[in-house]
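Fold and contact review
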Protein chains: 2
Amino acid sequence: MTEFSIVELRKLHDVACNVARIAGNYLREDQLRRRKVALTTREKLNSVDLVTAADEGVEKIIKDSILKEYPDHAFIGEESYSAGQEKRFLLKDGPTWIVDPIDGTVNMVHMFPMTAISIGFCLESIPTVGVVFAPFLGGQGTLYSAIRHPEGGAWLSEFGPDGPSTPLPLTSPPPPLPADAPKGCLFFGEYGKDRRDSPQSNLTKKAANFVNMATEIGGRGGKGGMVHGIRSLGSSTMDMVYVASGQGDIMFEAGCWEWDVCAGIAILLQTGGIVVDSNPPTDLKDSDPIPMANLGGRRYLAIRACSEDVNGRSPRAQQEALVREVWKRTERLDYQRPV
Amino acid sequence: MTEFSIVELRKLHDVACNVARIAGNYLREDQLRRRKVALTTREKLNSVDLVTAADEGVEKIIKDSILKEYPDHAFIGEESYSAGQEKRFLLKDGPTWIVDPIDGTVNMVHMFPMTAISIGFCLESIPTVGVVFAPFLGGQGTLYSAIRHPEGGAWLSEFGPDGPSTPLPLTSPPPPLPADAPKGCLFFGEYGKDRRDSPQSNLTKKAANFVNMATEIGGRGGKGGMVHGIRSLGSSTMDMVYVASGQGDIMFEAGCWEWDVCAGIAILLQTGGIVVDSNPPTDLKDSDPIPMANLGGRRYLAIRACSEDVNGRSPRAQQEALVREVWKRTERLDYQRPV
């Protein structure tokens, strides 16, 4: 196994933060140009999945900068992956960067600021360093990052590269989950790109899941979850970091890919959150511990960090109980990938 | 009719921006305190409608500051209105401030940054000055504002009170609406507080509306709108300003109140957007011009500013055509108020 010291991880983190800001500035300049010229886009899967020249430009900036510093590391980027024919999960055990140059491309096209550059670094297939930079969120952009290590940490930086950072989770210690969660939780989920009109389509099931989570307790055949709110931002990266930072409680998303969530998962794990499969494993007993999500599994259910509650339940016990409550209220989604 | 010169309106705008920033700083300090103590909340309608001490504190800050400067103006604030028994629409023709001290209270409780202070000023019941400040969005907060006047304007300020502002709409001139809109549009809507499980509940209808807007063209019995995305932020104030600024295309929201949208409507109208009733008027013919929404009507469908399209359609013609396309795809919602 490749060992990285905290000093090496800090350097990796700094490299990633730096390149994220450089790429973010490139996007901000691009947006300034767009105020004069309409953006050229070509359509991928359908009109919901937009690629812009900026996407590819940003991936090149990030890839070149990282491989210049770490020429023997592997690099998986959304744009180069999607352009290829290979759709299997490519992650190996060695040091690997997993990058989405622009998550929330649709938002960027519309100038809605929930767009992020997501730079994750994995060791042994586990997200270990994560940097998520939202260049349009606030005048200086908003950067979430983490180093997973006992001497690491997680931070929110919203005052520019030389400004102060706030440790994450934002509330420290994080509050227990609500006793009757999901009631009282803030829930993040997306409609996604599969827009087929059929009772079994992912759109139909996702929409039903959201209604279940929102409905009063007792409603929807007992599936009503009475969450505080359903939020859809159009960026699974941002959904994940809001839960990682404790600015949301539950992130339920299927259909996205490892580059959308890798960096966010590093932050989530460092703050004390968990991420599992959004479909319950078929052979899981009620008393079994819940395994972590497969990074390449395209289905993610994340729960924020919390502290022991008044009944003495551990954070993990509360988080797993909430996972089971969400599973009860949601239909299985049909996203796979070749193995 | 009360006449206000552009000089007087500029002063009103500056007073509103200043008090919004003071109130926003109060909220930021409050959030810093919360990182140590759990917030005290009491529940209003149900757990989705939270009031915090901060809500009432902020309304008092705003009301006192404004009435000190303008003692003979009327003031309608969410908190004082809601505490009373009177639920009718109170707006009179004279100079009137309409204020929501905190829109997106649920978000604020969870520290999700889509929370805004909304300060609107009406003349003859028409929103004339609007200031929306989101104190948690970016390190300096994010401020949208407008003065409705030929010599007025609309601005985004995200670099603090002394930093530069960007004129709105962000893209100038604003692009035409998509030729096959709502396809290609970014759509903002909220699930709201009515969580009853019934086929006729507003939750059920809103969720169906969102699915219609998202589904492929031809789907849902012809109602499929294939929008680029559905966004739910948990703040109708923020939904409205994103459309007002051209960072979104359509805002469809029912159940909120005039203080949630008054300031945003001032910005929307100044940039060239329109706002109409989200329920189609029952006696409206296809050839009739579409009237503006009733400010107190609790149902709002806003469309962003646009330029003449390649077929020579005027902005207004494109906007009204899009309104009719949205009406075709959405069920009527049941929100009323006493008259």
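Residues numbered from 1 in each chain as written. Chains lettered and ligands numbered in written order. Predicted model: local features only at pLDDT ≥ 70, side-chain atom pairs only at ≥ 80, totals over all residues. Heavy atoms only, no water.

Definition in use: UniProt positions are given in the numbering used here, feature names are shortened, and annotations may be inferred rather than shown by experiment.
In the annotation of an unreviewed UniProt entry, the entry for chain A reads Inositol-1-monophosphatase, and the organism field reads Mycena venus. Chain A has a UniProt comment under Pathway (unreviewed entry) that states "Polyol metabolism; myo-inositol biosynthesis; myo-inositol from D-glucose 6-phosphate: step 2/2." What the UniProt record of chain A gives under Catalytic activity (unreviewed entry) is the line "a myo-inositol phosphate + H2O = myo-inositol + phosphate".

**Overview of the overall build of chain A**
Keep this limit in mind: The helix count covers DSSP runs of H or I at least four residues long, the strand count covers runs of E at least two residues long, and both are numbered beginning at the N terminus. Note on method: radius of gyration uses C-alpha positions; expected globular size equals 2.2 Å times residues raised to 0.38. Relative accessibility under 20% of the residue-type maximum defines a buried residue, over 50% an exposed one, and the middle range a partly exposed one, all with a 1.4 Å probe and only protein chains included. Any two residues whose heavy atoms approach within 4.5 Å are treated as being in contact. Each accessible area is a Shrake-Rupley result for a 1.4 Å probe, and residues are judged covered by the shown protein chains and nothing else. Charge counting treats Lys and Arg as positive and Asp and Glu as negative, with His and both chain ends excluded. Lys charges are placed at NZ, Arg charges at CZ, Asp charges at CG and Glu charges at CD.
Scanning chain A from terminus to terminus reveals 8 helices and 14 strands. Computed over C-alpha atoms, the radius of gyration of chain A comes to 19 Å, within 12% of the 20 Å expected from 2.2 N^0.38 for 339 residues, which places it in the range of a compact globule. Looking at chain A as a whole, 61% of its 339 residues are labelled buried. Within chain A, counting contacts between residues at least 6 apart in sequence, those at least 24 apart form 65% of the total. Surface exposure of chain A reaches about 12700 Å², of which carbon and sulfur atoms provide 52%. In chain A, which carries 37 positive and 43 negative side-chain charges, the distance between the mean positions of the two groups comes to 3 Å.

**Description of the interface of chain A and chain B**
The accessible area lost on association of the parts is a frequent measure of interface size. The condition is simple: The quantity reported as buried area is the accessible area (1.4 Å probe) lost by two parts once they are put together, taken as the sum for both. Definition used for salt bridges: Asp or Glu carboxyl oxygen within 4 Å of a side-chain nitrogen of Lys or Arg. We call Asp, Glu, Lys and Arg charged. Ala, Val, Leu, Ile, Met, Phe, Trp, Tyr, Cys and Pro are nonpolar, and the rest, Gly among them, are polar.
With 59 residues of chain A at the contact, the number on the chain B side is 59 residues. Buried surface at the junction of chain A and chain B, summed over both partners, amounts to about 4700 Å²; 56% is from carbon and sulfur atoms. Measuring nitrogen to oxygen at the nearest pair gives 3.4 Å for the salt bridge that ties Arg-28 of chain B to Glu-158 of chain A. Looking at the side of chain A that touches chain B, the elements with two or more residues in it are α1 (6-34), α4 (105-110), β10 (186-189), α5 (202-214) and β11 (229-231) of chain A. Broken down by element, the side of chain A that touches chain B gets its largest block of residues, 5 residues, from α5 of chain A. Residues of the side of chain A that touches chain B, tallied by class, amount to 25 nonpolar, 21 polar and 13 charged.

**Topic: the relation of the copies chain A and chain B**
Operational definition: Least squares is the method for superposing the copies, and the C-alpha atoms it fits come from residues with pLDDT of at least 70 in both.
Between chain A and chain B, the superposition needs a rotation of 180° and an axial shift of 0.0 Å, giving an RMSD of 0.0 Å. The two molecules are tied by a two-fold rotation axis, judged by turn and shift. Considering only C-alpha atoms, the residue of chain A closest to the rotation axis is Gly-138 of chain A, which sits at 1.8 Å. Both copies present the same face, since 100% of the interface residues in chain A are matched by interface residues at the equivalent positions in chain B.

**Observations concerning the sheet that holds strand β6 (residues 126-134) of chain A**
Residue and element names in this part refer to chain A. Stated formally: By this definition, two strands are paired if DSSP reports at least two bridges between them. For helices, the fitted axis covers only the stretch in contact; all axes are lines through C-alpha atoms, and the angles between them, taken along N-to-C directions, range from 0 to 180 degrees.
Spatially, 7 strands are ordered β3-β4-β5-β6-β7-β8-β9 in an open sheet, and the strand pairing comes out mixed. The outermost strands of the open sheet, each flanked by one partner alone, are β3 (74-77) and β9 (165-167). Across the sheet, the mean angle from the axis of one strand to that of its neighbour is 20°, orientation sign disregarded. By the bridge criterion, 6 bridges tie β6 to strand β7 (residues 142-147) in an arrangement that is antiparallel. Note on β7: the bridge partner recorded for Ala-134 is Thr-142.

**Things to note about the nonpolar core**
Worth spelling out the cut-off: Within this scheme, the nonpolar core is defined by two criteria: the residues are buried Ala, Val, Leu, Ile, Met, Phe, Trp, Tyr or Cys, and they are joined through side-chain atoms within 4.5 Å.
Met-238 of chain A together with Met-238 of chain B are the most contacted members of the largest nonpolar core, which has 86 residues in total. Excluding residues that lie within four positions of it along the chain, Met-238 of chain B makes contacts with Met-114, Ala-116, Val-132, Ala-134, Leu-137 and Leu-233 of chain B. Listed in part, the 55 residues of the second largest apolar core include Ile-250, Val-276, Leu-301 and Val-326 of chain B.

**Here we look at the UniProt feature "binding site: Mg(2+)" (unreviewed entry) in chain A**
Residue and element names in this part refer to chain A. Mapped onto this structure's residue numbering, the UniProt feature "binding site: Mg(2+)" (unreviewed entry) falls at Glu-78, Asp-100, Ile-102, Asp-103 and Asp-260. What stands out for the annotated residues spanning 183 residues is how close their C-alpha atoms remain, the widest pair being 9.5 Å apart. Within the secondary structure layout, Glu-78 lies in helix α3 (residues 78-83). With a relative accessible area of 10%, Glu-78 lands in the buried category. Position of Ile-102 among the secondary structure elements: in strand β4 (residues 96-103).

**A few points about the pairing of β7 of chain A**
All names here are of chain A. A large share of β7 lies buried, amounting to 6 of its 6 residues. Neither face of β7 is left uncovered, since the one carrying Thr-142, Tyr-144 and Ala-146 and the one carrying Leu-143, Ser-145 and Ile-147 both have all their residues buried. Sheet topology note: the β7/strand β8 (residues 153-157) ladder contains 5 bridges and is antiparallel. Each bridged residue has a counterpart across the sheet, and for Leu-143 the counterpart in β8 is Ser-157. Taken together, β7 and the strand that follows it, β8, pair antiparallel across an intervening segment of 5 residues.

**Section: the sheet that holds strand β14 (residues 299-303) of chain A**
Residue and element names in this part refer to chain A. Across the sheet, 5 strands lie side by side as β11-β10-β12-β14-β13; this open sheet has mixed pairing. Of all the strands in the sheet, just β11 and β13 (274-276) have a single pairing partner and so form its edges. Neighbour-to-neighbour, the strand axes of this sheet turn through a mean angle of 20°, independent of strand direction. Here β13 pairs with β14 via 3 bridges, running antiparallel. What sits directly across from Val-276, in β14, is Leu-301. Running over the sheet, helix α6 (residues 236-244) touches β10, β12 (250-254), β13 and β14 and is turned about 155° from β12.

**A few points about the pattern of salt bridges**
Residues and elements named next belong to chain B. For the structure shown, the criterion picks out 24 salt bridges over all chains. Taking the shortest distance from any N to any O, the salt bridge between Glu-69 and Lys-11 comes out at 2.9 Å. Here Lys-11 lies in helix α1 (residues 6-34) and Glu-69 lies in helix α2 (residues 53-69), a separation of 58 residues in the sequence. Given the relative accessible area of 37%, Glu-69 is considered partly exposed. A salt bridge links Arg-196 to Asp-194; the shortest N-O distance between them is 2.7 Å.

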